[in-house]
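Commentary on secondary and tertiary structure
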Amino acid sequence: MASKVIHALYTDDDILLNAVKETRKAHYHIEEVYTPFPVHGLEKAMGLADTRLAICAFMYGLVGLSVAVTMMNFIMIEDWPQNIGGKPSFSYIENMPAFVPIMFELTVFFAAHLMVITFYMRSKLWPFKKAENPDLRTTDDHFLMEVDLGGHSEEEVSKFLSGTGATELKIVEKESDH
Amino acid sequence: MYTLPNKLKLFAIIFMVVGALGMIGGFLAVPSNVEEVKTMMASHDDGHGGGHGDATAAHGGDHGAAGAHGEEGAHSGDAHYEHVLGQLQNRPWAAVYVAAFFFMMIALGALAFYAIQYAAQAGWSPVLFRVMEGITAYLPVGTVILFVLLLLSALHFNHLFHWMDGDLVNPDSDKFDKIIAGKSGFLNTPFFLIRAGIFILGWNLYRAISRKYSLKLDETNDPAYFKKLFKFSAGFLVFFIVTESMMSWDWIMSFDPHWFSTLFGWYVFAGMMVCAITVIAMITMVLKSQGYLEFVNDSHIHDLAKFMFGFSIFWTYLWFSQFMLIWYSNIPEEVTYFVTRIEDFNLLFFGMVAMNFVFPLLILMNSDYKRVNLFVIMAGIIILAGHYIDVFVMVMPSAVGTSWYIGMPEIGAMMFFFGLFVFVVFTALTKAPLLAKANPLLKESKQFHY
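Rules of the game
- Residues numbered from 1 in each chain as written.
- Chains lettered and ligands numbered in written order.
- Predicted model: local features only at pLDDT ≥ 70, side-chain atom pairs only at ≥ 80, totals over all residues.
- Helix = DSSP H or I, 4+ residues; strand = E, 2+ residues; numbered from the N terminus.
- Rg over C-alpha atoms; globule rule 2.2 N^0.38 Å.
- Buried ≥ 20, exposed ≤ 12 C-beta atoms within 10 Å, placed from the backbone.
- Contact = placed C-beta atoms within 7 Å.
- Domains from an automatic or database assignment.
- Expected span 1.5 Å × (residues − 1).
- Core = buried A, V, L, I, M, F, W, Y, C linked by C-beta atoms within 7 Å.
- Axes fitted to C-alpha atoms, helices over the stretch in contact; angles between N-to-C directions.
- Parallel < 35°, antiparallel > 145°, perpendicular 65-115°, else oblique.
- Left-handed = near helix turned anticlockwise from the far one by under 90°.
- Nonpolar A, V, L, I, M, F, W, Y, C, P; charged D, E, K, R; others polar.
- pLDDT = per-residue confidence, 0-100.

1. Overview of the overall build of chain B
The helix and strand inventory of chain B stands at 16 helices and 0 strands. Against the compact-globule benchmark of 22 Å for 450 residues, chain B has a radius of gyration of 23 Å, which places it among compact chains. By its C-alpha atoms, chain B is 70 × 45 × 40 Å across when sized along the principal axes. Each of the 450 residues in chain B was classed as buried or not, and the buried ones make up 46%. In chain B, the proportion of contacts linking residues at least 24 apart, taken out of those at least 6 apart, comes to 82%.

See below:
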């Protein structure tokens, strides 16, 4: 089913931020906001749930740490026991200080890379993907707020959005994919 | 204006009195001759003294402060007891020294943090300036006490600084120590005291000037004082980082005059900063809970907690850098430092690493927890206790060796200096309004949000 949305364009991030707050207060539904740069406090104003990426990062870090421990234990202790720093104890725990840099690096490596991949998957981004932004100017100096008309009339919402400082309004038919 | 609650005053005075009694008790309990050591050890053998039997072996050729140098091989019979006697005589002094140093270090760290805020013209922190100024008010008191302790060491009232023994640098003496003699160009008593005087004067000078200008700024609303504060702060930071590093060699590293570590200054600095920021956060939260500092919001606490987290990790990084290189290379004259700590102070040494790293890491990692006062206070208590033990483990192994124990002098000294610190800091907080109202960045600071 096609739904109608209004694209309201703004030229300043502070005006946009206030517009987002007012729109939410007036109980209109904001579909999405497109900005040329991250606007501080926008996600809170839009009422988006907190990211869970940090929890993922922590778990990925633990995976990296486990990989490092298993790997170093196999390579340096079991498969080819090494005399580390003149202390041939052949025990992982007694040689642990020597492995800490690797444990640290792999923790960071796993956390960072898997976090980026998770972020791309979650944001539905992949190479050669067609850009979703409805107006090219949002990559330059304009801010775009997409408001779902819902049951409200076009005039009513347009009038409200002009009042919030929008410089341009466009009514768009949108094929809903969700 | 903040007024000192009578309860708090009483609390601080009780701590000081009880602590002072503990310290005096510690000094009175010191054995004065070998016979007393023997009776003490006989009655203690079932308790913590179990390790004394190994002391002879563990201390062969070490840097024990009890004048055991040059008597290697003679560690039998009374020689061992003399060695223990020296350690026991050092114990109350070392306990006082650890506490005096720890609380002085908090004030000094807070002063450096305060100077960084001015030099960086930080916009988030001006609402906390008066809290920081309150903490740095302890600096004159703390440094003077520490200087008196250093002076008493130099006058041979105690034997904390082993290298101060004149025989060690005298080639004709049978106690002659080639390594210490080689360092005597730098490490000699007069120069040591002169340096200490310069450090202490410089820090206190900046503390006095910055406090004066900060109050003048409020009084006159003249931004010229803000500019002056910026210049003095930037200058002080240069002076500070050089003197702090040398201070850590002089006042801590020289306990083990044979041993050296090139990142020791940084290591002490990291511990100092994390303690100072923790105390700033804790005092801010205490004042806020009493209804003061209404302009401080969660985001300020969040930022302080981020610093606590960050500096804890930084401290661990330095601890590990120092430990791993020495552990890996395993060079006898370097590795003795860690051998004595791992053998004689095992639980404290590794326990304090866990307290200073694992606890802050897990408690303060979550962004939301950094805004919850309870979590920040809990992490803060663990961090402060951990760094107190850190200073303890830096000082005690060379001052008292295996004869260490956490008893009356240690706890007494900690209580006394804690009481003194609380008393001086909270009294200083009553001397000026808690808001530095004329700071040009104040509005930004009040509106600061994450």
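2. Description of the overall build of chain A
Helices and strands together make up the secondary structure of chain A, namely 5 helices and 4 strands. Principal axes of the C-alpha set define a box for chain A whose edges measure 80 × 30 × 30 Å. Sequence-distant contacts in chain A: of pairs separated by 6 or more residues, those separated by 24 or more amount to 78%.

3. Comments concerning the domain arrangement of chain A
Parsing chain A into structural domains produces domain 1 (2-36 + 141-175) and domain 2 (53-122). For domain 1 of chain A versus domain 2 of chain A, the distance between C-alpha centres works out to 48 Å.

4. Topic: helix H10 (residues 264-289) of chain B
All names here are of chain B. With 26 residues, H10 ought to run about 38 Å at 1.5 Å a step, and its terminal C-alpha atoms sit 38 Å apart, in line with that. Most of H10 is tucked away: 20 of the 26 residues are buried. With its phi angle positive at about 95 degrees, Gly291 sits one or two positions after the end of H10.

5. Points about the environment of B:Phe338
Residue and element names in this part refer to chain B. Take Phe338: it is sitting in helix H12 (residues 332-344). The sequence separation of Phe338 and Pro397 amounts to 59 residues, and the corresponding C-alpha distance is 9.8 Å. The residues touching Phe338, leaving out its near neighbours within four places in the chain, are Phe323, Ile326 and Trp327.

6. Comments concerning unusual backbone geometry
Residues and elements named next belong to chain A. Even without glycine at this site, Phe90 takes up a positive phi of about 50 degrees. For Phe90, the position within the fold is in the loop between helix H3 (53-79) and helix H4 (96-122). Judged by the 14 C-beta atoms lying within 10 Å of it, Phe90 falls in the partly exposed class. We note that Phe128 has phi near 65 degrees; this positive angle belongs to a residue other than glycine. On the basis of neighbour counts, which here come to 4 C-beta atoms within 10 Å, the residue Phe128 falls in the exposed class.

7. Description of the nonpolar core
Counting residues in each nonpolar core, the largest one holds 127 residues, and the members touching the most others are B:Ile135 and B:Ile280. Tallying contributions element by element places helix H4 (residues 78-119) of chain B first for this core, with 23 residues.

8. Section: the packing of helix H13 (residues 346-364) of chain B against helix H14 (residues 373-399) of chain B
Residues and elements named next belong to chain B. Closest axis-to-axis distance for the H13/H14 pair is 9 Å, and the angle between their directions is 155 degrees. Considering their axes alone, H13 and H14 lie roughly antiparallel with respect to each other. Crossing hand, H13 versus H14: left-handed. Contacts between H13 and H14 pair Leu348, Phe349, Met352, Met355, Asn356, Phe359, Pro360, Ile363 and Leu364 from the former with Phe375, Met378, Ala379, Ile382, Ile383, Ala385, Gly386, His387, Ile389, Asp390, Phe392 and Val393 from the latter. Looking at the contact of H13 with H14 residue by residue, the class counts come to 17 nonpolar, 3 polar and 1 charged.

9. What about helix H5 (residues 129-136) of chain B?
Along an α-helix, a turn takes 3.6 residues, which lines up residues three or four apart on a common side. With 8 of 8 residues buried, H5(B) is to be regarded as a mostly interior element. Those residues of H5(B) not exposed but buried are B:Phe129, B:Arg130, B:Val131, B:Met132, B:Glu133, B:Gly134, B:Ile135 and B:Thr136.

10. Regarding the environment of B:Ile198
All names here are of chain B. Inspection of the secondary structure assignment puts Ile198 in helix H8 (residues 189-220). A residue is classified by how many C-beta atoms lie within 10 Å of it, and Ile198, with 13 of them, is partly exposed. Along the sequence, Ile198 and Thr243 sit 45 residues apart, while their C-alpha atoms lie 8.7 Å from each other.

11. Digging into the confidence of the model for chain B
All names here are of chain B. Looking at chain B, pLDDT values average 89 and 92% of them are 70 or higher. Throughout residues 46-75 the model reports pLDDT below 50, and contacts reaching past four residues in sequence, or to other chains, amount to 55 contacts. This prediction of the complex comes with two scores: 0.86 for pTM and 0.78 for ipTM.

12. Some words on the environment of A:Asp13
Residue and element names in this part refer to chain A. Considering the arrangement of structural elements, one finds Asp13 in helix H1 (residues 13-25). Here Asp13 falls in the partly exposed class, since 17 other C-beta atoms lie within 10 Å of it. Considered as a pair, Asp13 and Val39 are 26 residues apart in the sequence and their alpha carbons are 6.7 Å apart. What Asp13 contacts, discounting residues up to four positions off in sequence, is Val39 and Phe143.

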